[in-house]
Amino acid sequence: MILRTLMPKPGIIPPILSALPMRITPLSVQKFHLRFASLFCLRWWLPAAILLTCLVVYLFFLPGHHFSIDGVVMFQYAKTLLFKHSFIMDPPLLWGSEFRTSKWPIGLTLLYMPVLALLRATFFRESSEITEIPYDPANLFNPALLDNRPYLYSSWVNPTLTALTAVLVYALALEIGLSQRKAVLAALIFGLASPAAVYARFDYAQPLASLLVIGAVVLLLRARRRWSPGTLAAAGIVLGFGVLARPEIIVIPAFPMALLVLWPASSAGPQPGLWGRLKPVMAFSLPLAVFLGINQWINYSRFGSFLSVGYQPGSEFNLSPLHILPALAGNLISPGRGILLFFPLSLLALPGLWKIWKQDRWLGVLLAAVTLGFLIFYSTWKDWGGGI
């Protein structure tokens, strides 16, 4: 469904096919020309070019080592789940303190598992390096945790996720009505000139979350054309995977999306009546509820509580306006981490949102709610400065 958005309208016939003789059935040959052009030349080459361009740039600067304790634990925890079938790391991971489980969301860890399985079947057939967590009880900061061959061979994951997200930005741009040229430009700016290009090198879960959120938005926009329950369910499933990657997704994008399903975008919207309006909400929300249940069951297995999310809301978040307002300003304009300073092109979001609002209020509310929701939520984080 997302891939259909990537397809510009047919209209170019490959030169090699134009040279073919049209003898008996010119109409059939012409149809073949159009189908060939649509399938091989127009449907795939632009998204493929965006994907490969971003990947080549990312891989050229690929560091191949960890940058954070978050990434170290999420990667090593995948070994425990895959090879020891346990939620408890034994021996524990030592980095300043002892980690016997991962407090971070499980999504990226789950994604690492098939990668590790593939590496064990190929490059690490006779090596325990792929199955064991580096452990030295005499060293609380073991450098082998930061720099090791299994992660080196797995460090292509986030670059690939970010390159795929750039393709989805192209799809989203087409979906909201931009021209093909502007859609390509938006995708390349996202992939090569925005903070996403930096995060592609890191070991955090944000690239996975971004991919899933943007994918869900594209599906939701497609669903409102005919208010298709199947496409709405697909959007809910994609966003449900996002909950596993970043649990705040259930609060930020999911809530406004579910509310907007109740807002008919056109005559093709939900039918009058309670059931007509609840049906699309259920199609979108039920998959989300399933994934939320899976996420909380995993958290129960790790932390012993169905209500736990790994983080400590009381000690790690601050809901006071006296904290949120300076943090919000800091995230926007501070020299340490202000997105408007590090990525000035993000200022274009303001006139862009205004233009979208005038053309399509449904879409304007959706994009504004998701963007502002994330900005405000991350400003509640006590250590919003990240140690800067």
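For every chain, the first residue of the written sequence is number 1, and numbering continues from 1 along that sequence. Note on the predicted model: pLDDT of at least 70 is required for a residue's local features to be given, and 80 or more for side-chain atom pairs to be given and counted; whole-chain, interface and lining totals, by contrast, use all residues. Heavy atoms throughout the structure, all of them, feed into the side-chain values; hydrogens and water do not.

## Details of the overall build of the protein
1) Next: By the criteria applied, helices consist of DSSP H or I runs no shorter than four residues and strands consist of E runs no shorter than two, each listed in order from the N terminus. Counting secondary structure elements, the protein contains 20 helices and 2 strands.
2) Next: The contact criterion used is simple: two residues touch if any of their non-hydrogen atoms lie within 4.5 Å. Looking at the protein alone, contacts between residues at least 24 apart form 73% of all its contacts between residues at least 6 apart.
3) Next: Areas reported here follow the Shrake-Rupley algorithm with a probe of radius 1.4 Å; residue values treat only the protein chains shown as occluding. Total accessible area on the protein stands at roughly 20,100 Å², and carbon and sulfur atoms take up 69% of it.

## Quick notes on the packing of helix α5 (residues 69-83) against helix α6 (residues 107-121)
Helix packing for two helices is described by the angle between their axes and how far apart those axes are.
1) Next: Packing of α5 against α6 leaves a shortest axis separation of 8 Å and a crossing angle of 65°. It follows that α5 is roughly perpendicular to α6 by the angle criterion. Crossing hand, α5 versus α6: right-handed. Taking contact as the criterion, the partners of Met74, Phe75, Tyr77, Ala78, Lys79, Leu81, Leu82 and Phe83 in α5 are, on α6, Leu108, Thr109, Leu110, Tyr112, Met113, Leu116, Ala117 and Arg120.
2) Next: Asp, Glu, Lys and Arg are counted as charged, while Ala, Val, Leu, Ile, Met, Phe, Trp, Tyr, Cys and Pro are counted as nonpolar; the rest, among them Gly, fall into the polar class. Taken together, the residues that form the contact of α5 with α6 break down as 13 nonpolar, 1 polar and 2 charged. A fitted line through C-alpha atoms serves as each axis, taken over the contacting stretch for helices, and the angle formed by two N-to-C directions is quoted from 0 to 180°. Here is the rule for angles: anything less than 35 degrees is roughly parallel, anything more than 145 is roughly antiparallel, 65 through 115 is roughly perpendicular, and the remaining ranges are oblique. For a crossing to be left-handed, the near helix must be turned anticlockwise from the far one by less than a right angle; the clockwise case is right-handed.

## Describing the packing of helix α12 (residues 206-226) against helix α20 (residues 361-379)
1) Next: It is the contact of α12 with α20, at a shortest axis distance of 12 Å, that shows an interaxial angle of 160°. It follows that α12 is roughly antiparallel to α20 by the angle criterion. Judged by the sense of rotation from one axis to the other, the crossing of α12 with α20 is right-handed. Where α12 abuts α20, its residues Val213, Val217, Leu220, Leu221 and Arg224 lie against Trp362, Leu363, Leu366, Leu367 and Phe374.
2) Next: Partitioned by chemical class, the residues of the contact of α12 with α20 number 9 nonpolar, no polar and 1 charged.

## Comments concerning the side chain of His323
1) Next: Structurally, His323 is set in helix α17 (residues 321-333).
2) Next: Note on exposure labels: buried denotes an accessible area under 20% of the residue type's maximum, exposed denotes more than 50%, and partly exposed covers the range between, all computed with a 1.4 Å probe on protein chains only. Given the relative accessible area of 14%, His323 is considered buried.
3) Next: With sequence-adjacent residues up to four places away left out, His323 is seen in contact with Asn318, Ser379, Thr380, Trp381, Lys382 and Trp384.

## A look at the packing of aromatic side chains
1) Next: Two rings belonging to Phe, Tyr or Trp (six-membered ring only in the last case) form a pair when the distance between their centres is within 6.5 Å. Interplanar angles under 30 degrees mark stacking, angles over 60 mark edge-to-face geometry, and anything in between is tilted. Counting across every chain of the model gives 19 aromatic pairs.
2) Next: With a centroid separation of 5.1 Å and an interplanar angle of 85°, the aromatic rings of Phe60 and Phe61 are classed as edge-to-face. Here the two residues Phe60 and Phe61 agree in accessibility, since each one is exposed.
3) Next: Plain terms: the ring middles of Phe123 and Tyr153 are 5.2 Å apart, the flat faces sit at 90° to each other, and that makes the pair edge-to-face. Here the residue Phe123 occupies a position in the loop between α6 and α7 (143-146), and Tyr153 occupies one in helix α8 (residues 149-154), the gap between them amounting to 30 residues.
4) Next: A relative accessible area of 56% places Phe123 in the exposed class.
5) Next: Feature note: the residues Tyr311, Phe317, Phe374, Phe377, Tyr378 and Trp381 constitute an aromatic cluster, connected by ring pairs.
6) Next: By the criterion adopted, a ring carries a charge over it if an Arg CZ or a Lys NZ lies within 6 Å of its centre and within 35 degrees of its normal. Directly above the ring of Trp104 sits Lys103, whose terminal nitrogen or CZ lies 5.4 Å from the centroid.

## Considerations on a nonpolar patch on the surface
1) Next: Together, Val57, Phe60, Phe61 and Leu192 give the surface a local cluster of nonpolar side chains, amounting to about 410 Å² of exposed area.
2) Next: The residue Val57 is located in helix α4 (residues 45-60) in this model.
3) Next: Under the relative-accessibility criterion, Val57 is labelled partly exposed at 33%. In this scheme, patches are assembled from residues that exceed 30% relative accessible area and form no salt bridge. Like charges are connected within 9 Å, while nonpolar side chains (Val, Leu, Ile, Met, Phe, Trp, Tyr) are connected within 5 Å. Whenever Lys or Arg places a side-chain nitrogen within 4 Å of a carboxyl oxygen from Asp or Glu, that contact is recorded as a salt bridge.

## Details of the pattern of salt bridges
1) Next: What the rule picks out here adds up to 7 salt bridges.
2) Next: Between Arg100 and Asp90 there is a salt bridge, and its shortest N-O distance comes to 4.0 Å. With Arg100 in the loop between β2 (97-99) and α6 and Asp90 in the loop between α5 and β1 (93-95), this pair connects stretches of sequence that are 10 residues apart.
3) Next: On the basis of relative accessible area, Asp90 is assigned to the exposed category, the value being 53%.
4) Next: Arg246 is paired through a salt bridge with Glu248; the nearest N and O atoms lie 2.9 Å apart.
5) Next: Each of Asp90, Glu98 and Arg100 takes part in a single network of salt bridges with overlapping partners.

## As for α20
1) Next: A helix is expected to span 1.5 Å for every residue after the first. Here α20 is 19 residues long and its end C-alpha atoms lie 26 Å apart, about the 27 Å a rise of 1.5 Å per residue gives.
2) Next: For α20, every residue scored as buried is listed here: Trp362, Leu363, Gly364, Leu366, Leu367, Val370, Gly373, Phe374 and Ser379.
3) Next: Between the side-chain oxygen of the N-cap and the backbone nitrogen of Trp362 there are 3.2 Å, and the N-cap of α20 in question is Asp360. For this analysis, a polar contact is any N or O atom pair within 3.5 Å, provided that within protein one partner can donate a hydrogen and the other can accept it, and provided that sequence-adjacent residues contribute only side-chain to side-chain pairs.

## Some points on the environment of Val169
1) Next: Position of Val169 among the secondary structure elements: in helix α9 (residues 157-175).
2) Next: Residues Val169 and Leu211 lie 42 residues apart in sequence; the distance between their C-alpha atoms is 9.2 Å.
3) Next: Excluding residues that lie within four positions of it along the chain, Val169 makes contacts with Ala186, Ala187, Phe190 and Ile214.

## A short note on the confidence of the model for the protein
1) Next: Scored between 0 and 100, pLDDT is the confidence that the predictor attaches to each residue. Mean pLDDT over the protein stands at 84; residues scoring 70 or higher make up 84%.
2) Next: Here helix α2 (residues 15-18) is the element of the protein with the lowest mean pLDDT, 39, and α6 is the one with the highest, 97.

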